[in-house]
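Spelled out from the first residue to the last, the chains are:
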Amino acid sequence: APEPISTSDPGARHAADFAMQVHNELSKNEYAFRIIRIESASFEMFPPSRVEYFLTAEVGRTVCRNEQGLNPSGCALQSGADAKTVVCRFVVLAVPNSSVPSHLLEDQCQ
């Protein structure tokens, strides 16, 4: 069963950033979204070296256009009538400290 970890855990933060990047790349939204805060994080180890991260995050629409390769962390959030925030559940499979790419297994936002 997944074990809770701190929302500021470096592995959880890295997994959340990766999930947000893939979410934006797959999204048809005109504007990119970025993580406002990670609400909960847990992980499960799969020997020998895989980790599955389970994350719930509040994300918001930014003023930056959703373009390939954009890092939305430096983008301001939209305000006023354009402001939109949603809660997303991400599941990321990662191999820490390796060049093996992570995989986004679940991406549900509402």
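Just so it is clear, the structure is predicted and the values come from calculations on it, not from any experiment.

Draft legend 1. Examining the UniProt feature "domain: Cystatin" (unreviewed entry) in the chain more closely. What UniProt calls "domain: Cystatin" (unreviewed entry) maps, in this numbering, to residues 1–110. Annotated as 15% helix and 46% strand, the span residues 1–110 places its first and last C-alpha atoms 25 Å apart.

Draft legend 2. Focus on the environment of D82. Along the chain, the position of D82 falls in the loop between β3 (50–65) and β4 (85–94). Looking at D82, the relative accessible area reads 48%, which means it is partly exposed. Between the C-alpha atoms of D82 and L26, which are 56 residues apart in sequence, the distance is 21 Å.

Draft legend 3. Molecular detail of helix α1 (residues 10–26). Over its 17 residues, α1 extends 24 Å from the first C-alpha to the last, a length consistent with the 24 Å expected when each residue adds 1.5 Å. Buried residues belonging to α1 abut β2 (31–46), β3, β4 and β5 (103–109).

Draft legend 4. Representation of the state of the cysteines within the structure. Enumeration over the complete set of coordinates arrives at two disulfides. Between the sulfur atoms of C64 and its disulfide mate C75 the distance is 2.1 Å. On the S-S bond that ties C64 to C75, the torsion sits near -105°, and the link is left-handed. Here C64 is found in strand β3, whereas its partner C75 is found in the loop between β3 and β4, with eleven residues between them in sequence. With its sulfur 2.0 Å from that of its partner, C88 forms a disulfide with C109. Here the S-S torsion is close to 110°, and the disulfide linking C88 with C109 is therefore right-handed. Pair noted here: C88 is in strand β4 and C109 is in strand β5, with a separation of 21 residues, a long-range link. Disulfide partners in the chain, listed by the sequence order of the bonded cysteines, are 1-2, 3-4.

Thresholds, definitions, all that
Residues numbered from 1 in each chain as written. Predicted model: local features only at pLDDT ≥ 70, side-chain atom pairs only at ≥ 80, totals over all residues. Heavy atoms only, no water. UniProt positions renumbered as here; feature names shortened; annotations may be inferred. Helix = DSSP H or I, 4+ residues; strand = E, 2+ residues; numbered from the N terminus. Buried < 20%, exposed > 50% of the residue type's maximum accessible area, 1.4 Å probe, protein only. Expected span 1.5 Å × (residues − 1). Contact = heavy atoms within 4.5 Å. Disulfide = S-S within 2.5 Å.

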